[in-house]
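# Summary of structural features
The chain contents come next:
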Amino acid sequence: MRPGSEAVALELPVGRLTALRAHPTGAARGVVLWVPGFTGSKEDAHEILPRLADTGWDAWSYSQRGQADSAQPVDDDYSLDALAGDAVAVARLVGGGAPVHLIGHSLGGVVARAAVVSDPSAFTSVTLLCSGPKGWPGRHDATTETVAQAGSIGLWERDNPEKVDATDEEIGAFEAFFRHRAAATADQNLLQGASILRSEDDTTDALRETAVPVLVAHGEHDDKWPIDWQRDMAERLGARYVVIPGGAHSPQAEAPEATLEALDSFFSSLAVN
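The notes below deal with the structure included here. Computed from a predicted structure; not experimentally measured. (Residues numbered from 1 in each chain as written. Predicted model: local features only at pLDDT ≥ 70, side-chain atom pairs only at ≥ 80, totals over all residues. Heavy atoms only, no water.)

## Re the overall build of the protein chain
Secondary structure assignment for the protein chain yields 11 helices and eight strands. Its C-alpha atoms give the protein chain principal-axis dimensions of roughly 60 × 40 × 40 Å. For the protein chain, with 273 residues in total, the buried portion stands at 53%. Long-range contacts, defined here as pairs at least 24 residues apart, represent 75% of the contacts in the protein chain between residues at least 6 apart. Here the protein chain displays about 11,400 Å² of accessible surface, and carbon together with sulfur accounts for 51% of that area. Averaging the locations of the 21 positively and 40 negatively charged side chains of the protein chain gives two centres separated by 4 Å. (Helix = DSSP H or I, 4+ residues; strand = E, 2+ residues; numbered from the N terminus. Buried < 20%, exposed > 50% of the residue type's maximum accessible area, 1.4 Å probe, protein only. Contact = heavy atoms within 4.5 Å. Areas by Shrake-Rupley, 256 points an atom, 1.4 Å probe, with all protein chains shown as cover. Lys, Arg positive; Asp, Glu negative; His and termini not counted. Charge placed at Lys NZ, Arg CZ, Asp CG, Glu CD.)

## Some points on the sheet that holds strand β8 (residues 240–244)
Strands belonging to one sheet form pairs held by backbone hydrogen bonds; the direction of such a pair is parallel or antiparallel. With mixed pairing, eight strands are arranged side by side in an open sheet as β1-β2-β4-β3-β5-β6-β7-β8. Looking at strand neighbours, the two that pair on one side only are β1 (6–12) and β8, the edges of this open sheet. Sheet twist, expressed as the average angle between the axes of neighbouring strands with direction ignored, equals 25 degrees. Where helix α3 (residues 107–118) meets the sheet, it contacts β3 (31–35), β5 (100–105) and β6 (123–129), and its direction lies at approximately 140 degrees from that of β5. (Pairing = 2+ DSSP bridges. Axes fitted to C-alpha atoms, helices over the stretch in contact; angles between N-to-C directions.)

## Concerning the packing of aromatic side chains
Across all of its chains, the model carries six aromatic pairs by this definition. Here the aromatic rings of Trp136 and Trp229 are separated by 5.4 Å at their centres, their planes lie at 90 degrees, and the arrangement is edge-to-face. Placement of the pair is Trp136 in the loop between β6 and α4 (141–150) and Trp229 in helix α9 (residues 227–237), with a sequence separation of 93 residues. Its relative accessible area of 24% is what places Trp136 among the partly exposed residues. Relative accessible area serves as the criterion here: at 26%, Trp229 is assigned to the partly exposed category. (Phe/Tyr/Trp six-rings, centres within 6.5 Å; stacked < 30°, edge-to-face > 60°.)

## Details of the pairing of β5
Most of β5 sits inside the fold, with six of its six residues counted as buried. Along β5, one buried face is formed by Val100, Leu102 and Gly104 and the opposite face, lined by His101, Ile103 and His105, is buried too. When β3 meets β5, the two strands line up parallel, connected through four bridges. Opposite Leu33, over in β5, you have Leu102 as the bridge partner. Inspection of the sheet shows β5 paired to β6 by six bridges, in the parallel sense.

## Some points on the pattern of salt bridges
Using the criterion set out here, one finds 18 salt bridges in the structure. Here Glu257 ties to Arg51 by a salt bridge, and the two come within 2.7 Å at their closest N and O atoms. Remark: Arg51 occurs in helix α1 (residues 48–54) and Glu257 occurs in helix α11 (residues 256–269); sequence separation between them is 206 residues. Residue classification places Arg51 among the buried residues on the basis of a relative accessible area of 13%. Note that Arg113 and Glu200 form a salt bridge whose closest N and O atoms lie 3.4 Å from each other. Of this pair, Arg113 sits in helix α3 while Glu200 sits in the loop between α7 (187–199) and α8 (204–210), and the two are 87 residues apart along the sequence. The pair Arg113 / Glu200 is uniform in exposure class, with both members buried. (Salt bridge = Lys/Arg side-chain N within 4 Å of Asp/Glu carboxyl O.)

## Here we look at the side chain of His105
Assignment of secondary structure puts His105 in strand β5. Dropping the residues within four chain positions of it, His105 is found in contact with Trp34, Val35, Pro36, Gly37, Leu129, Cys130, His249, Ser250 and Gln252.

## Some remarks on the pairing of strand β2 (residues 15–22)
Of all eight residues making up β2, six are buried, and the element is well covered by its neighbours. Sheet analysis places β1 next to β2, joined by seven bridges and oriented antiparallel. The residue bridging Val8 from the neighbouring strand is Ala19, located in β2. Turn length for the β1-β2 hairpin, with the two strands adjacent in sequence and antiparallel, is two residues.

## A word on α7
Between its first and last C-alpha, α7 extends 19 Å over 13 residues, near the 18 Å set by a 1.5 Å rise per residue. The set of residues buried in α7 consists of Asn189, Leu190, Gly193, Ala194, Ile196 and Leu197. Buried positions in α7, seen along its axis, are confined to an arc of 155 degrees and lie on one side of it. Against α2 (80–94), α3, α4 and α5 (153–159) lie the buried residues of α7. (Expected span 1.5 Å × (residues − 1). Arc of directions from axis to C-beta.)

See below:
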C-alpha cells in the first residue's frame with residue numbers, strides 16, 4: 001500500500017465497514033469518498049487517496065458490505081438500494097453532515113448514481129469512473145456460474161490455476177492480498193453484484209434531475225464498459241467528460257497522476273469563492 005493512508009472502521013447499521021483515510025495536507029478543501037467496484041475493496045484507491053490528500057482533500061475509501069473485511073449482513077441483502085443506502089450513510093459520517101465529493105468506480109459508479117438519486121443533499125458532486133449507464137444481459141454469467149459452484153475464492157482460482165496450491169510466500173504479498181480478499185468476500189455480494197451489472201436500468205435522467213454536478217471519466221483503454229455509452233451518458237447529463245491518458249479500467253492505479261488531475265480539476269471548479 002502506498003504510504004499516506006490509515007485504516008479506520010466505520011460503524012453503520014449493517015455493521016462495521018472498513019475504510020482508508022488520507023488526511024489532507026494543510027487546511028482541508030473538502031471531503032472525497034471513493035466507492036469501489038465489483039470484486040473490489042477500499043484498497044483499490046490506495047494509489048489515489050494520498051495524492052488527493054497532497055492537494056488538500058480529505059480522502060476516503062471504504063469496502064462495501066460483503067467486500068473483503070467489511071461486515072456481511074445476516075439477511076444477505078446486497079441489493080442496489082442497500083448498497084446505495086450505505087454510501088449515503090458513509091458520506092454523512094465522513095463528511096460530518098456536510099456534503100462530500102463522491103467517486104464511484106465501475107459497479108461503484110452504479111452505487112454512487114443510486115445514492116445521489118436517493119439523497120442529493122449528501123453530495124457536492126459525483127464522479128462516475130469507468131462506469132456506464134446501464135447493465136446488459138449476459139454480463140458476468142461466467143462469474144455467476146463460478147461463484148455458485150466454487151464460492152468467491154473460485155474466481156481467483158479460475159484466473160490463477162497455476163498458483164492454487166502455492167503458499168503466500170511463493171506467490172508474493174501482492175498476489176496473496178488478492179487471494180485473501182477473494183476468499184473473504186461474501187458469495188452473495190458477488191452474485192447480487194453481477195445481477196445488478198446485468199439488469200440495472202438506465203437512470204441517467206434521474207441523476208440529471210438531481211442537479212448534482214457530474215464528472216464522467218474513464219481510461220482511454222477501458223474495455224469493461226462501452227466507451228461510447230459512457231460518452232453518451234456524459235452528454236445526456238451535461239457532465240464534464242474526461243478521457244484519462246494511459247489508463248484502462250482502473251486508471252487510479254494505471255495512470256494515477258492523470259486521474260488526480262482529472263479529479264482535482266473537477267472538484268476545484270466547484271469550489272465556492
